[in-house]
Amino acid sequence: MAERRKVANPLALAVLAELLMGPMHPYEIGRRLKDHGKDRNIKYNRGSLYMVVEQLKKAGFINEQETVRDTQRPERTVYALTDEGRHELYDWMRELVAQPRHEYPQFGVALSLLSVLSPSESVELLTQRLTALTDETAEIRATVQTATEGGVAWVFLVEEEYRLAVLDAECRFVTGLIESLKQPDYVRAWQEIFGRGT
């Protein structure tokens, strides 16, 4: 069973991972997350980043190392990973990698209630989704290719490869679902249940 974390926000895990590379201030952490494309998988803004840093500090996973004063910029606090934070990072990573977890995606909710839409509207909407999925897949493939050609090692792109595998599977699923929704038997059964035209 998954352990209850003191700070459970995925952004906290990313902050701990960045601090593994060395002490830095939150602005630099945010810049590095963006530069490394982690903002594609972890939602955050400046406010949420500073809030998570404060939560990690309170939990004892990071501490203030120094305050940097620069005449050009406002005072900045540099944070470092504690031993407890390093342990939390590795423990949390091992759990996430080894143990599947049901994540309740919104599309799963929509699928569980799909029969409230007419078969023809469902087909139309799923066709729109398929187009969006295809566009997203092409964008990610281009990003991966550019990064690979730029010398980025595959392990730093593995989350994009995972996303591509998920998108490819979803495209296959949606394509099959569209065909199923067009079947006369389903259309007839839907009309009988809901008593409406398609």
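1. Some remarks on the layout of surface pockets
- Considering only enclosed or pocket space, the second largest pocket measures out at about 260 Å³ in volume.
- If you go around the second largest pocket, you meet 13 residues; those closest to its centre are Tyr27, Arg46, Tyr50, Glu75 and Arg76.
- For the lining of the second largest pocket, the secondary-structure elements that each account for two or more residues are α2 (26–35), α3 (46–59) and β2 (76–81).
- The element contributing the most residues to the lining of the second largest pocket is α3, with four residues.

2. Description of the packing of helix α1 (residues 10–20) against α2
- Two elements in contact, α1 and α2, have axes whose closest approach is 10 Å; the angle formed by their N-to-C orientations is 100°. Taken together, the axes of α1 and α2 are roughly perpendicular relative to one another. Only Ile29, Arg32 and Leu33 of α2 make contact with α1, whose side of the interface consists of Leu11, Ala14, Val15, Glu18 and Leu19.
- In terms of residue class, the contact of α1 with α2 is built from six nonpolar, no polar and two charged.

3. Brief notes about the nonpolar core
- Counting 23 residues, the largest nonpolar core has Leu11, Val15, Leu16, Leu19, Ile29, Leu56 and Ile62 as its most contacted members.
- Element by element, the count of residues in this core is highest for α1, at seven residues.
- Once residues within four sequence positions are removed from consideration, leucine 16 is found in contact with Leu56, Phe61, Ile62, Leu81, Gly85, Glu88 and Leu89.
- One finds Ile140, Cys171, Val174 and Leu181 within the second-largest nonpolar core, a separate group that totals 17 residues.

4. So, the packing of α1 against helix α4 (residues 83–98)
- One way to put it is that α1 packs onto α4 with a least axis distance of 10 Å and a crossing angle of 125°. What the angle tells us is that α1 and α4 run oblique. For the element pair α1 and α4, the recorded crossing hand is left-handed. Where α1 abuts α4, its residues Ala12, Leu13, Leu16, Ala17 and Leu20 lie against Gly85, Arg86, Glu88, Leu89, Tyr90, Trp92, Met93 and Leu96.
- For the contact of α1 with α4, the per-class residue count stands at 10 nonpolar, one polar and two charged.

The rules behind each value
Residues numbered from 1 in each chain as written. Predicted model: local features only at pLDDT ≥ 70, side-chain atom pairs only at ≥ 80, totals over all residues. Heavy atoms only, no water. 1 Å grid on protein atoms, 1.4 Å probe; cavity = no way out; pocket = protein on both sides within 12 Å on 5 of 7 lines; lining within 4 Å. Points joined across faces, edges and corners; volume = space filled by probe spheres on them. Helix = DSSP H or I, 4+ residues; strand = E, 2+ residues; numbered from the N terminus. Axes fitted to C-alpha atoms, helices over the stretch in contact; angles between N-to-C directions. Parallel < 35°, antiparallel > 145°, perpendicular 65-115°, else oblique. Contact = heavy atoms within 4.5 Å. Nonpolar A, V, L, I, M, F, W, Y, C, P; charged D, E, K, R; others polar. Core = buried A, V, L, I, M, F, W, Y, C linked by side-chain atoms within 4.5 Å. Buried < 20%, exposed > 50% of the residue type's maximum accessible area, 1.4 Å probe, protein only. Left-handed = near helix turned anticlockwise from the far one by under 90°.

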